[in-house]
Amino acid sequence: ITVLAADNAFDHVRLSALDDVTMTVDNGVDIDGIPDLAGDNLRVGDLVMVLDAIAMVRAMAPDAAIDLVVGSWNKSLAGLIPGVNVETVDVPWMTRQGRGLSWPELVKRAHAWRRKDYDLAINFESDIRSNLLLALSGAHRRVGFVSGGGGAVLTDAIAADPRAHIADNARA
């Protein structure tokens, strides 16, 4: 799950702990209308865990264009998030039985993101491969977890707290 945003307001935003201000954000997603979240093919937990973090990005820059990159299995839920454009990219390390785009296809997709001249890209996965795709996006600021590797290609490498819940690490 990757957030790509274009807005110069991010140039001066300190993402780490939002300048130590505690903030409660209504993520705006009403999941009551989704027919079946428990289906075997729908793996929505990762996206649900970062809804508040996505809302925090929106609150920091309300006029930013935000593109949310998710696996195809999360497209329906992602479409309910207000104020984001949804793009699906199935990476082989997240799909069932290793299906997904090949590395050349992934590199081509990431290079296409350069045309949008993103100010900020956030990777909520702790995976070196996802961090590498962020680097290829050309985003000015690239934020992600260093625990999965690839910290050298991030401008803001965040150490996840192993004692904290996934959602709390995403908001950090």
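Thresholds, definitions, all that
- Residues numbered from 1 in each chain as written.
- Predicted model: local features only at pLDDT ≥ 70, side-chain atom pairs only at ≥ 80, totals over all residues.
- Heavy atoms only, no water.
- Buried < 20%, exposed > 50% of the residue type's maximum accessible area, 1.4 Å probe, protein only.
- Helix = DSSP H or I, 4+ residues; strand = E, 2+ residues; numbered from the N terminus.
- Pairing = 2+ DSSP bridges.
- Right-handed = clockwise from strand over helix to strand, strands pointing away.
- pLDDT = per-residue confidence, 0-100.
- Contact = heavy atoms within 4.5 Å.

Q: What should I look at first to understand the pairing of strand S5 (residues 141-145) in this one?
A: Side-chain direction in a regular strand flips from residue to residue, so the side chains alternate between the two faces of the sheet. A large share of S5 lies buried, amounting to five of its five residues. Neither face of S5 is left uncovered, since the one carrying Arg 141, Val 143 and Phe 145 and the one carrying Arg 142 and Gly 144 both have all their residues buried. Relative to S5, strand S4 (residues 120-123) runs parallel, the two sharing three bridges. Residue pairing for S5: Ile 122 is matched across the bridge by Val 143. For the segment spanning S4, helix H5 (residues 128-136) and S5, crossover handedness is right-handed.

Q: Mind showing me how you'd approach the confidence of the model for the chain here?
A: Confidence in the prediction for the chain averages 75 pLDDT; 74% of positions are at 70 or higher. When pLDDT is averaged over each element of the chain, helix H4 (residues 103-113) comes out on top at 92 and strand S1 (residues 2-6) at the bottom at 58. When the criterion is pLDDT under 50, residues 7-27 qualifies, and its contacts beyond four places in sequence or with other chains add up to 36 contacts. Across residues 29-42, confidence stays below pLDDT 50; counting only partners more than four residues off in sequence or on other chains, it has 17 contacts.

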